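# Structure at a glance
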Amino acid sequence: MLSALLLCLLPFYLDAFWLRIGLFSMAAAIGAIGLGLLSGTAGQLSLGHAFFLAVGAYGYVWLAGETGPGLPPAVAAVLAVLLAGAAGGLFSPVAGRVKGVYLGVATLALVFLGHHVLLTADSVTGGFNGSSVPPLEIGGFTFAESDPELTVMGVPFGAEERLWYLGLALFALTWFTARGLLRGRPGRALVALRDSETAASVMGVHVARYRSAAFVVSSMYAGLAGVLLALSFRRVVPDYFSLLLSVDYLAMIVIGGLGSVAGATAGAVFVTALPLLMTRYADQLPLVATPGSGDGSIGPTEAARYLYGAAIVVILLYAPDGLHGLARRTRARLRRRRPPATDPSGTGSPPDASSATTATTAPTARAKEHTP
C-alpha cells in the first residue's frame with residue numbers, strides 16, 4: 001500500500017525525463033509479464049514478442065487515426081489489444097503443436113514478416129517514417145498536453161504526468177490478473193505442462209488448448225504494452241519493433257526470474273532504464289561516448305546491451321531463478337539470522353515442572369503482557 005501511494009505521488013516531484021523512464025518501464029513490464037506467462041510458466045520459447053507489440057501499437061494508431069476508421073481512442077485501444085490477441089489466436093495452432101527451439105524459430109519468422117509489412121504498407125503504417133500517435137481521450141479527459149494547462153496542487157500536469165497514472169492503472173490491472181492466473185487452476189495447469197506434458201495430460205490437462213491459450217493471453221498483454229508504448233513515444237516507427245526488441249524482452253524475464261510477475265517487472269525496469277540513464281549521463285561515464293560524437297567509442301545503447309548481457313551470464317551462473325529468487329533467498333536468510341525470542345523475565349530458563357503443573361491446573365492464568 002505504501003509503495004502504491006509513493007508511485008502516485010512521484011509525478012508531483014519528478015521531472016519529465018524520469019517520468020518517461022517510468023512510463024517506458026511500465027509498458028515494458030506489462031509486455032514482460034505476458035512473455036513470462038508464456039515462456040516462464042508455460043515453458044514455450046517465443047522470439048516474436050515484438051510482432052505482437054507492433055500489432056497493438058499500430059493497431060491503435062490506425063483505428064484511431066485519420067487514415068483508419070477514426071474510432072474513439074478508448075475504443076481503438078481496446079480493439080488494438082483484442083487485435084493482438086486475435087493475431088496470437090491465428091498463430092496458436094502452431095504454438096499448440098510445436099515446442100522448444102522449433103517454436104522459437106517459428107515465432108522469429110513473425111518478426112521479419114511484421115517488419116516487412118510495416119515498411120511496405122505505407123497507407124496503414126506510414127512506412128519507414130512511421131506515424132504519429134493520436135492522443136488517448138477518456139470521458140473528455142485527454143492524456144496529452146492541453147490548452148488551458150491542467151494544474152494540480154500547483155504542479156502543471158502535462159502529457160507525462162497524465163500518462164503516468166494511465167500506465168499505473170494498466171500495470172496494476174496486468175499485475176493482478178497475471179497473479180490471479182498463476183495462483184488459479186490455469187496457472188497450475190501451465191506449470192504442470194511445463195514440467196511434463198505426459199504427466200499433465202494424465203492429470204486431465206488439455207495440452208494443445210492450454211498452450212494455445214497461453215499464447216493468446218501473452219499476445220494480448222503484448223498488445224496492451226504496445227498501446228502504452230505508442231502513447232508514450234507519440235510516434236511509432238517500424239525499426240523499433242525489430243528482433244532486438246524481442247531479445248530485450250527475453251533478457252527481462254531471464255534477469256528478473258522466469259515464471260514470476262515481480263521478477264518480470266524488475267527485469268523490465270532494469271533493461272529499460274539502463275540505456276536511458278547511460279544516454280543521459282554518458283559524458284560522466286568512462287569508455288562511453290556521448291550520442292552523436294562519432295569518435296568510434298562505444299555508445300550508451302551498445303554499452304547498456306553489453307552490461308545486461310553480462311548480467312544474464314551472471315544470473316544464469318549464480319542465480320538461475322533471477323532477481324526475484326535472489327531477493328527471496330535474501331529475505332529468508334535475514335529471517336534465519338534474527339535472534340530467538342527470549343523470556344520476558346530475562347532469566348532465559350525454561351519453565352520447570354511445577355510451573356507446568358500450575359498451568360495445567362489453572363488454565364485461566366496467563367502471563368501479563370508488557371505495555372509498549
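That block above? That's the structure.
Here is a short report on the structure shown in this document. The structure presented is a predicted model; accordingly, all values stated were derived computationally and were not measured. Chains are numbered independently. Their residues run from 1 in the order of the written sequence. The predicted origin of the model limits local features to residues at a pLDDT of at least 70 and limits the giving and counting of side-chain atom pairs to 80 or more, whereas totals for whole chains, interfaces and linings rest on all residues. Water and hydrogen atoms play no part in the side-chain values, which are based on all heavy atoms of the structure.

## Notes on the overall build of the chain
To keep it simple, the criterion reads: Counting from the N terminus, the helices are DSSP H or I runs at least four residues long and the strands are E runs at least two residues long. Each residue is placed in one exposure class: buried if its accessible area under a 1.4 Å probe, protein chains only, is under 20% of its type's maximum, exposed if it is over 50%, and partly exposed if it falls in between. Any two residues having at least one pair of non-hydrogen atoms within 4.5 Å are treated as being in contact. Note on areas: Shrake-Rupley, 1.4 Å probe, and residue coverage restricted to the protein chains presented here.
Counting secondary structure elements, the chain contains 15 helices and six strands. Taking all 372 residues of the chain together, the buried fraction comes to 43%. Nonlocal contacts in the chain, meaning residues at least 24 apart in sequence, comprise 73% of its contacts between residues at least 6 apart. Accessible surface for the chain amounts to roughly 20100 Å². Of this, 66% is attributable to carbon and sulfur atoms.

## Comments concerning the packing of aromatic side chains
Centre-to-centre distance and the angle between the planes together describe a pair of aromatic rings. Note the following rule: Pairing of aromatic rings covers Phe, Tyr and Trp, the last counted by its six-membered ring, and requires centre-to-centre distances within 6.5 Å; plane angles under 30 degrees mean stacked, over 60 mean edge-to-face, and any other angle means tilted. Whether a charge sits over a ring comes down to the Lys NZ or Arg CZ being within 6 Å of the ring centre and within 35 degrees of the ring normal.
By the definition in use, this model includes twelve aromatic pairs. Relative to F157, the ring of F12 lies with its centre 5.4 Å away and its plane at 55°, an arrangement referred to as tilted. One end of the pair, F12, is in the loop between α1 (2–9) and α2 (16–41); the other, F157, is in strand β5 (residues 155–157), and 145 residues separate them in sequence. Between F141 and F143, the aromatic rings sit 5.2 Å apart at their centres with planes inclined by 85°, giving edge-to-face as the arrangement. Linked through ring pairs, F24, Y58, F233, Y240 and F241 together constitute an aromatic cluster. A cation over an aromatic ring shows up here: R280 above the ring of F17, its NZ or CZ 4.2 Å from the ring centre.

## Here's the deal with α2
Where we set the bar: By this rule, a helix spans an expected 1.5 Å times one less than how many residues it contains. Two axes enter the bend calculation: one fitted to the seven residues ending at the residue in question, the other to the seven starting there, and the bend is the angle between them.
The terminal C-alpha atoms of α2 lie 36 Å apart, and with 26 residues this matches the ideal 38 Å at 1.5 Å per residue to within 8%. Along α2, the sharpest kink reaches roughly 30°, centred on L35. Summarising burial for α2: 23 of the 26 residues are buried, a large majority. At the exit of α2 stands G43, carrying a positive phi of roughly 75°.

## Quick word on unusual backbone geometry
Phi is positive for R234, which is not a glycine, with a value near 70°. As for its position among the elements, R234 is in the loop between α10 (207–233) and β6 (235–236). We classify R234 as partly exposed; its relative accessible area is 38%.

## A few points about the pattern of salt bridges
Counted only if it meets this: By definition here, a salt bridge exists when the distance from a side-chain nitrogen of Lys or Arg to a carboxyl oxygen of Asp or Glu is within 4 Å.
If you walk through the whole model with that rule in mind, you get six salt bridges. Residues R20 and E160 are paired through a salt bridge, measuring 3.3 Å at the closest nitrogen-oxygen approach. Pair noted here: R20 is in helix α2 and E160 is in helix α7 (residues 159–183), with a separation of 140 residues, a long-range link. Residue E160 is joined to R234 by a salt bridge in which the shortest nitrogen-to-oxygen separation is 2.6 Å. Of this pair, E160 sits in helix α7 while R234 sits in the loop between α10 and β6; the two residues are 74 residues apart in sequence, bridging distant segments of the chain. According to the relative accessible area criterion, E160 is buried, its value standing at 10%. Within this structure, R20, E160 and R234 form a network of salt bridges that share partners.

## A word on the packing of α2 against helix α11 (residues 243–256)
As a reminder of what qualifies: Every axis in this analysis is a line fitted to C-alpha atoms, fitted for helices over the stretch in contact. Angles between the N-to-C directions lie between 0 and 180 degrees. What sets the label is the angle itself: under 35 degrees gives roughly parallel, over 145 gives roughly antiparallel, 65 to 115 gives roughly perpendicular, and the rest give oblique. Ten residue types, Ala, Val, Leu, Ile, Met, Phe, Trp, Tyr, Cys and Pro, are classed as nonpolar, four, Asp, Glu, Lys and Arg, as charged, and the remainder, Gly among them, as polar.
The interhelical angle for the contact between α2 and α11, taken along N-to-C directions, is 75°, at an axis separation of 9 Å. Taken together, α2 and α11 sit at an angle that is classed as roughly perpendicular. Contacts between α2 and α11 pair A27, A28, G31, A32, L35, G36 and S39 from the former with Y249, L250, M252 and I253 from the latter. For the contact of α2 with α11, the per-class residue count stands at eight nonpolar, three polar and no charged.

## A word on the nonpolar core
Spelled out, the test is: For this analysis, a nonpolar core means a set of buried residues of the types Ala, Val, Leu, Ile, Met, Phe, Trp, Tyr and Cys, connected via side-chain atoms within 4.5 Å.
With 82 residues, the main nonpolar core has Y60, L231, V236, F241 and Y249 as its most contacted residues. Top element by residues in this core is α2. It accounts for 13 residues. Excluding its chain neighbours within four sequence positions, the residues that come into contact with Y60 are G65, P73, A76, A77, A80, V133, P134, P135, L136, V227 and L231.

## Remarks on the side chain of S46
Note the cut-off: Polar contact is the term for a pair of N or O atoms within 3.5 Å; when the atoms are in protein, one must be able to donate a hydrogen and the other to accept it, and sequence-neighboring residues count only if both atoms are side-chain atoms.
Following the sequence through the fold, S46 ends up in the loop between α2 and α3 (49–64). A polar contact is formed between the side chain of S46 and the backbone nitrogen of G48, at a distance of 3.4 Å. In this view, S46 contacts L35, L38, S39, T107, F215 and L250; residues no more than four positions away in its chain are not counted.

## Some remarks on α3
In this model α3 runs 23 Å from its N-terminal to its C-terminal C-alpha over 16 residues, within 8% of the 22 Å that 1.5 Å per residue would give. Most of α3 is tucked away: 15 of the 16 residues are buried.

## Some details on the side chain of D248
As for its placement among the helices and strands, D248 is situated in helix α11. D248 gets classed as buried once you look at its relative accessible area, which sits at 12%. Within the local environment of D248, its side chain forms a polar contact with the side chain of Y308, the two groups lying 2.3 Å apart. Setting aside chain neighbours within four positions, we find D248 in contact with V271, R305 and Y308.

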